[in-house]
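Coordinates in review
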There are 2 protein chains.
Amino acid sequence: MPRRSSNRRNKPDAFSIPQIPFQHVENPYPPLEILNAEQVSSIHDTSMKVLEKVGMRIDDPQTRELLENAGCKVNHDTTQVLFDRGFIEQQVAKAPSTVKVRARNDERSLTFGGNRINFMSVAGPAFLTDSDKGRRPGTFAELQDALRILQSLNVAHGANGGAFASMDLHPETRHLDTLNACFTLTDKVAPVSLMGRTRAQDAIDMACIMFQTDYEGLRKRPALYGNINTNSPLVLDREMAQGAMTFAEHGQAVIVTPFTLSGAMSPVTIPGALVQQNAEALAGISFIQTVNPGNPVMYGSFTSNVDMKSGSPAFGTPEYVKATLASGQLARHYGLPIRASAPNASNSVDAQAAYETQMSLWACVMGHINLVNHSFGWLEGGLCCSFDKMILDAEMVQMMVENLKPLEINEDTLGLSAIEEVGSGGHFFGAAHTMERYNNAFYSPILSDWQNFENWSDSGAQSATERATKIWKHLLEVYEAPPVAPSISKALDTFIERRKIEILGA
Amino acid sequence: MPRRSSNRRNKPDAFSIPQIPFQHVENPYPPLEILNAEQVSSIHDTSMKVLEKVGMRIDDPQTRELLENAGCKVNHDTTQVLFDRGFIEQQVAKAPSTVKVRARNDERSLTFGGNRINFMSVAGPAFLTDSDKGRRPGTFAELQDALRILQSLNVAHGANGGAFASMDLHPETRHLDTLNACFTLTDKVAPVSLMGRTRAQDAIDMACIMFQTDYEGLRKRPALYGNINTNSPLVLDREMAQGAMTFAEHGQAVIVTPFTLSGAMSPVTIPGALVQQNAEALAGISFIQTVNPGNPVMYGSFTSNVDMKSGSPAFGTPEYVKATLASGQLARHYGLPIRASAPNASNSVDAQAAYETQMSLWACVMGHINLVNHSFGWLEGGLCCSFDKMILDAEMVQMMVENLKPLEINEDTLGLSAIEEVGSGGHFFGAAHTMERYNNAFYSPILSDWQNFENWSDSGAQSATERATKIWKHLLEVYEAPPVAPSISKALDTFIERRKIEILGA
C-alpha cells in the first residue's frame, strides 16, 4: 500500500538525491558496427539454413497447427517445425520498426526503435539481497519496496514486477498482486510475465481496468509488453508460445529472446551462438506475425558465454560485448527494435559487479540497443536482486545518459572571455563565467564520493556499496505513491479477488 | 634486486594467472566523434585567439629567448609570450604523426599514433596503499615491488617509476635509483620525469648505458619519453620547460599535457576547457618543435571537471568522457598522437573505483587514444597508488583489449555443423565443435569470480578487491627479473654512484 506523508512540505523527497529528471534518451552518435555487410549476411544466411534444415521443436500444438496452416512443414512425430526462408523473411517484414508502450503517466510512455534507448529494471531473480538482511527469498512486502525504489529512480524507464518472486504469495496468483503493485506503486511501464495464457490474459484484463479501456482500445494503444525466451537450442515451449499468442491476439508487444549461452545452449563460438540466436528470434517473431500481422515485437539478444570450466554463465565479458554489438546490427538489418541487457556475474556488489555491468552497459549504448533490460538490481548472473545494486546501477545509467548529451559549442561555452579574464596563473573559481554557471555546470553523482581521503575517512570511510544502502533506505522513507483514482484501485482489487477464487477455488 | 628462484621448473610463474600475452593493440573500429568538423574548427580558432591575445606566461628565460628569436612577441615585464597562429600551425606541422619508443626487450618497444593503443601504469601519486598495510608513504623497496607487478602484468605496456615517491630516498637523487629499477626489474618502456634539466639529462645518460649507445644513437632510436604539464591556466614553469628542452635537444619524446580541470584551472564549460587545453598543448608542442624540428611529441589531454561544491577533482565523469573523445578528435585534426588517462576519484578499491575507471577506459578506447596513462594502480584522484587496483585494472584493460579483437566469421565459427549435431533440446558441452575449441574459446578472467553463490560463499565470499590482494602477492612470489648483462648493470651502478656524489656531495 502506498505510504502517505502527513506533512508533505517538511518531508525530504526523492529529489534530495541528485537525480536527473525522467527523460527519453536518444543516442546521437552512430552505432559501433563490428560486422561488415557480408558478415551480417553470412549470419543471416546460416541462420536461415538452421531453420530450413533443423527447424525448431515447438511444444504447443496450437502453435504448430497455426504454422502448418501458414505453410511450414511439421513433423508430427518429433513436433519439429521447419521454416522456409521465404516465409521467415515475409513474416519478419510485417513487424513494425518502432514499438510504443503506454504508461499510466503518459509522459513515461516508452518508444522502442531507432536511436531511442530505454533502461528497464531486473526481472527473473529467485532471491533478494541487501546489506542489512543478506540473501533470502523475497516477500511481497519487499517486492513492493523494490517497486518503490524503481519508481523513485528517475533514470529507470520502467519497473518490472519480476524483480524477484514473492515467496509468501501463491505461485498461481502471484502475477495478479505483482501487476497490481506495479500499476499502483509506479506510474511507469510495467513489463509482465508471459508464462502461459492465464498470466498473459490476466495482465490484459488488468491493463483494461488500469487504462479504463477495452480490448480494442488496448490494441490501438498497447500498454503492455512481455518477454518470451526460447528454450535453446531450438525449442519453443508450450507456456511461452501460449503467452506470446495471447499477447499477439490482443496486439500487445512481445520480445523474443533466445537463451543462447555460448558453449552450453549454443555453439562455443560467438558467431555460431549469433546464428542460433538469430534463427530462434526470427522463428519466434515469424510465429507472432502469423498470429497477428504487424504485431509489435522486439528482437531479443541475451547471447553471452559460459565459463567452460564450471559451466557457469558469464556476463559483461568481451564475448558479451561483441555479441551485443553484433545483435544490434542484426536487428537493424531486419528493421526491428532490439533488446539486450546490462548483466554481470558477480556474487556481491563489488568492483566486479561494477566493471562487468559497465562492460554490458557500454556495449548496449554503443550497439544502439533500444531496451536495456536488467539495468537496475541484477546480481549473481540473474539469480539475485540487490537493492544496493539498484543504486549503483542508477548512478552508472545516469552517467551513461549524460554521456549521450552532445557538447554545446558556441561563443558562450567556448569561454574566451573567461580565459581572457583569468589570464595566466590564478584560477576560475571566481570568474564571472564560472559564477553564472557553477550550480549546474557538471554532472552531480548520486553515489560517487569525491571528498579527499581525509574527509572521506572522517565521514566513516564507506565504500560505494555501503553508501548505496543509505540511499535506497532514504528513497523508501520519502517515497510517495503516484495517485491512482480510487475507482480504478477498487476495480483492480475486485478483479484480483475474483480471479483468485477462480484460480485457487473459494 | 631481482629475486631468483633456485628451482625454476617447480615454481609457479606469472602465467599461472590467466593472462593474455604481451601484445600491441590496434583499434579496428572507427573512433567515436562527438564534434563535427565545424566544432573542431571553432575550438581550434578560439584557442588560437587565446594564444594571440593572452598567450602564455613562460617562466624559463631560455625558453622565452628561443621563442622570441623564432618570432614570438615577448613582454619582458610580465614574461608573457604571445603566439601568432601562423607560427603555431607551422611548428605543429613539423611534429611526426607517429612516435616510437624503444624498450630493452625490443618486442615491447612501443608505437604511438594511428589506431595503436598503449596502456601505461600510474605516475604521480604521493602515497601507496594495499589491503595489508593501508595507506602510507612508500619506500623504494615497495616501488620495486610495484615495478615487479607491472613487469608481470602482460597487458601493461610499460612500467612508470613514478608510481609513487620512494620517501626513504633523497629527493634530489631518487630519479637515478628509480630509473635503474625500471631498467633492471622490467624490460618494458619506462617513462621518466621531466622535472628540470638534471633529471632529464640523467635519464638520457642512463638510457645510453642501458641501450649501449651514444646521444646520436639514442636520437636515432628514442628510448625515452616524458610528460610535462602546463601550470594551467596558461603558464609553463621553468622546470618543465627545461626538462622538455633537454629531451628535445636529444630527440626524445615529450608529451605536453595541460592541467585543465574545468571550473578550477580552466573555464567551467567543457568546450572552454578544451579551448584552453588546446592552446596550452599546442604552445608547448610548438616550443619543442622550435628546439628540435620534427621532435617526437604527443598531445596530452587531462581535461576533467572539479566538484564545484568542494573543488575536488572528479574523474571518469560524463564530462571526462566527452573531453577525452573531443581531445582525440583535436589531436587527429593536427596529426598528432594523443595521450589521455584512465583515472577515477574513489578513495578505496570499490565499485566506484571500477565504474569511474571503466568510464575513462571506454572513453579512451572509443576516442582512439594512443597512450592511456594511469591505466594501472591509480586511486584517490591520483594521490595514491594501489597494488589491489593494479590487478583490478589489469582485468579491465585485458577485457578491453579482447573487445578490440574482431569476430572471425567463417564456416567454422558460424557453427552450422554443431547446431545440426545438437538439434533441438540437449546441449553443446559434448559436441565435437565444442570439444575442439573449449579450452581457448572464451576470455579467461584474472580476477572475476564466476562461481555460483554457494561455492563462492564456501570459498570465503571474497570481494574482487580481496581476491586482487592475493593475486599481486602471488605475482611477487613468482616474479623473475628479465636478465640484464652484468656489464650494463655495473655501468648503471657506477654512473649512479658518481651522480649521487656530484649532486649531494661526497
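Our focus in this paragraph is the overall build of chain A. Assigned secondary structure in chain A consists of 18 helices and 21 strands. Against the 2.2 N^0.38 benchmark of 23 Å for 506 residues, chain A shows a C-alpha radius of gyration of 24 Å, consistent with a compact globule. Scored against the burial criterion, the 506 residues of chain A give a buried share of 66%. Of the contacts formed within chain A by residues at least 6 apart in sequence, a portion of 77% connects residues at least 24 apart. Total accessible area on chain A is roughly 17200 Å²; 50% of this is exposed by carbon and sulfur atoms.

Here the focus is unusual backbone geometry. Residue and element names in this part refer to chain A. A cis amide bond links Ser-232 with the next residue in sequence, Pro-233, at an omega value of 0 degrees. Positionally, Pro-233 belongs in the loop between strand S11 (225–229) and strand S12 (235–236). Even without being a glycine, Leu-234 presents a positive backbone phi close to 60 degrees. Its location among the elements puts Leu-234 in the loop between S11 and S12. Unusually for a residue other than glycine, Ala-461 sits at a positive phi of about 50 degrees.

Next up on the list: the pairing of strand S11 (residues 225–229) of chain B. For a regular strand, side-chain orientation follows a simple rule: the groups alternate between the two sheet faces. All names here are of chain B. Most of S11 is tucked away, with four of its five residues classed as buried. The sheet contact formed by strand S10 (residues 192–193) and S11 spans two bridges and is parallel. Along S11, the bridge assignment pairs Val-192 with Gly-226. Where S11 and strand S13 (residues 253–257) come together, five bridges link them in parallel fashion. Each residue of the ladder has a partner; that of Gly-226, found in S13, is Val-254.

The transform that puts chain B on chain A rotates by 180 degrees and translates by 0.0 Å along the axis, for an RMSD of 0.0 Å. Given the turn and translation reported, the copies of this chain are related as if by a two-fold rotation axis. Rotation axis and chain B: the residue whose C-alpha lies nearest the axis is Ala-351 of chain B, separated from it by 2.1 Å. When the interface residues of chain B are mapped onto chain A, 99% of them are again interface residues, pointing to one common binding face.

Let us now look at helix H4 (residues 140–152) of chain A. All names here are of chain A. Its 13 residues give H4 an end-to-end C-alpha distance of 18 Å, which sits within 8% of 18 Å, the value for a rise of 1.5 Å per residue. Buried within H4 are the following residues: Phe-140, Glu-142, Leu-143, Gln-144, Asp-145, Ala-146, Leu-147, Arg-148, Ile-149, Leu-150, Gln-151 and Ser-152. Check the buried side of H4 and you find it contacts strand S8 (127–130), strand S9 (134–137), helix H5 (174–185), helix H12 (387–403) and helix H17 (464–478).

We now examine the interface of chain B and chain A. Taken together, the contact between chain B and chain A spans 109 residues of the former and 109 residues of the latter. Both faces considered, chain B and chain A share a buried interface measuring about 9100 Å² in area, 70% of it formed by carbon and sulfur atoms. Of all residues in chain B, Tyr-355, Phe-442 and Trp-450 of chain B bury the most surface against chain A, accounting for 10% of the area lost on that side. One can count four salt bridges joining chain B with chain A. Note that Glu-454 of chain A is salt-bridged to Arg-135 of chain B, the shortest N-O span being 3.7 Å. For the interface between chain B and chain A, the tally reads 38 residue pairs in polar contact (both at pLDDT 80 or more). Among the elements that make up the side of chain B that touches chain A, the one with the highest residue count is helix H11 (residues 351–366) of chain B (nine residues).

What follows covers the packing of aromatic side chains. Considering all chains together, one arrives at 19 aromatic pairs over all chains under this definition. Where Phe-315 of chain B meets Trp-378 of chain B, the ring centres are 5.5 Å apart and the plane angle is 90 degrees; that geometry is what we call edge-to-face. Residue Phe-315 of chain B is found in the loop between strand S17 (313–314) and helix H10 (318–334), and its partner Trp-378 of chain B is found in strand S20 (residues 378–379); the two are separated by 63 residues along the sequence. Like Trp-378 of chain B, Phe-315 of chain B is buried. One aromatic cluster is present, built from ring pairs that chain together Phe-259, Phe-302, Phe-315 and Trp-378 of chain A.

On to the state of the cysteines, then. What the rule picks out here adds up to zero disulfides over all chains. In this structure Cys-208 of chain A is a free cysteine whose sulfur lies 17 Å from that of Cys-182 of chain A, the closest cysteine sulfur available. With relative accessibility at 9%, the residue Cys-208 of chain A sits in the buried group. Of all cysteine sulfurs in the structure, the one in Cys-385 of chain B sits closest to Cys-364 of chain B, which takes part in no disulfide; the separation is 18 Å.

All names here are of chain A. Strand order in the open sheet made by the three strands is S14-S16-S17, with mixed pairing throughout. At either margin of the open sheet sits one strand with a lone partner, and together these are strand S14 (261–262) and strand S17 (313–314). Strand direction decides the pairing type here: S14 and strand S16 (residues 304–306), joined by two bridges, are parallel. Note that in S16 the partner of Leu-261 across the bridge is Ser-304.

Moving on, we come to the environment of Ser-266 of chain B. By secondary structure assignment, the location of Ser-266 of chain B is in the loop between strand S14 (261–262) and helix H9 (270–291). Using a relative accessible area of 0% as the deciding quantity, one classes Ser-266 of chain B as buried. The spatial distance from the C-alpha of Ser-266 of chain B to the C-alpha of Cys-384 of chain B is 24 Å, given a sequence separation of 118 residues. Filtering out sequence-adjacent residues up to four positions away, Ser-266 of chain B remains in contact with Phe-428 of chain A together with Thr-260, Leu-261, Ala-273 and Gln-276 of chain B.

Residues and elements named next belong to chain B. Taken as a whole and assessed by the stated rule, the structure comprises 54 salt bridges over all chains. Note that Arg-57 and Asp-59 form a salt bridge whose closest N and O atoms lie 3.0 Å from each other. Residue Arg-57 is classed as partly exposed on the basis of its relative accessible area, which comes to 28%. Residue Asp-59 is classed as partly exposed on the basis of its relative accessible area, which comes to 27%. Linking Asp-393 and Lys-389 is a salt bridge whose minimum nitrogen-to-oxygen distance equals 2.8 Å. Taken as a pair, Asp-393 and Lys-389 lie in helix H12 (residues 387–403) at a separation of four residues, close to a single helical turn. We classify Lys-389 as buried; its relative accessible area is 0%.

As a further point, take the sheet that holds strand S7 (residues 116–119) of chain A. All names here are of chain A. If you walk across this open sheet you meet the eight strands as S1-S7-S19-S18-S15-S13-S11-S10, and the pairing is mixed. Each edge of the open sheet is held by one strand with a lone partner, namely strand S1 (25–26) and strand S10 (192–193). Pairing between strand S18 (residues 338–341) and strand S19 (residues 371–373): three bridges, direction parallel. Paired with Ala-340 across the strands is Val-372, a residue of S19. Sheet contacts for helix H8 (residues 238–249): S10, S11 and strand S13 (253–257); angle to S11, the most-contacted strand, approximately 150 degrees.

What follows concerns the packing of helix H6 (residues 197–210) of chain B against helix H18 (residues 486–504) of chain B. Residue and element names in this part refer to chain B. Close contact between H6 and H18 brings their axes to 9 Å; oriented N to C, the two are set at 160 degrees. On the basis of their axis angle, the class for H6 and H18 is roughly antiparallel. For H6 against H18, the interelement crossing comes out right-handed. Of H18, the residues touching H6 (which contributes Thr-198, Asp-202, Asp-205, Met-206, Ile-209 and Met-210) are Ile-488, Ala-491, Leu-492, Phe-495, Ile-496, Arg-499 and Ile-503. Residues that form the contact of H6 with H18 fall into these classes: nine nonpolar, one polar and three charged.

This next bit is on the nonpolar core. Ranked by size, the top nonpolar core spans 327 residues in total, and within it Phe-83, Tyr-299 and Ile-391 of chain A together with Phe-83, Tyr-299 and Ile-391 of chain B carry the most contacts. In this view, Ile-391 of chain B contacts Ile-149, Leu-153, Ile-446, Leu-447, Ala-468, Ile-471, Trp-472 and Leu-475 of chain B; residues no more than four positions away in its chain are not counted.

Okay, the confidence of the model for chain A next. All names here are of chain A. Model confidence for chain A is summarised by a mean pLDDT of 96, while 97% of its residues fall at 70 or above. Taken together, the stretch residues 1–11 has pLDDT below 50 and engages in 22 contacts with residues farther than four places along the chain or on a different chain. Scoring the predicted complex yields pTM 0.96 and, for the interface, ipTM 0.96.

Looking now at the packing of helix H11 (residues 351–366) of chain A against H12 of chain B. Packing of H11 of chain A against H12 of chain B brings their axes to within 11 Å, and their N-to-C directions diverge by 20 degrees. With respect to each other, H11 of chain A and H12 of chain B are oriented roughly parallel. For the pair H11 of chain A and H12 of chain B, the sense of crossing is right-handed. Each of Ala-351, Tyr-355 and Met-359 of chain A in H11 of chain A lies in contact with H12 of chain B, whose residues at this interface are Leu-392, Glu-395, Met-396, Met-399 and Asn-403 of chain B.

Cut-off values and rules
Residues numbered from 1 in each chain as written. Chains lettered and ligands numbered in written order. Predicted model: local features only at pLDDT ≥ 70, side-chain atom pairs only at ≥ 80, totals over all residues. Heavy atoms only, no water. Helix = DSSP H or I, 4+ residues; strand = E, 2+ residues; numbered from the N terminus. Rg over C-alpha atoms; globule rule 2.2 N^0.38 Å. Buried < 20%, exposed > 50% of the residue type's maximum accessible area, 1.4 Å probe, protein only. Contact = heavy atoms within 4.5 Å. Areas by Shrake-Rupley, 256 points an atom, 1.4 Å probe, with all protein chains shown as cover. Pairing = 2+ DSSP bridges. Least-squares fit on C-alpha atoms with pLDDT ≥ 70 in both. Expected span 1.5 Å × (residues − 1). Buried area = accessible area lost by both parts, 1.4 Å probe. Salt bridge = Lys/Arg side-chain N within 4 Å of Asp/Glu carboxyl O. Polar contact = N/O pair within 3.5 Å; in protein donor to acceptor, adjacent residues only side chain to side chain. Phe/Tyr/Trp six-rings, centres within 6.5 Å; stacked < 30°, edge-to-face > 60°. Disulfide = S-S within 2.5 Å. Axes fitted to C-alpha atoms, helices over the stretch in contact; angles between N-to-C directions. Parallel < 35°, antiparallel > 145°, perpendicular 65-115°, else oblique. Left-handed = near helix turned anticlockwise from the far one by under 90°. Nonpolar A, V, L, I, M, F, W, Y, C, P; charged D, E, K, R; others polar. Core = buried A, V, L, I, M, F, W, Y, C linked by side-chain atoms within 4.5 Å. pLDDT = per-residue confidence, 0-100.

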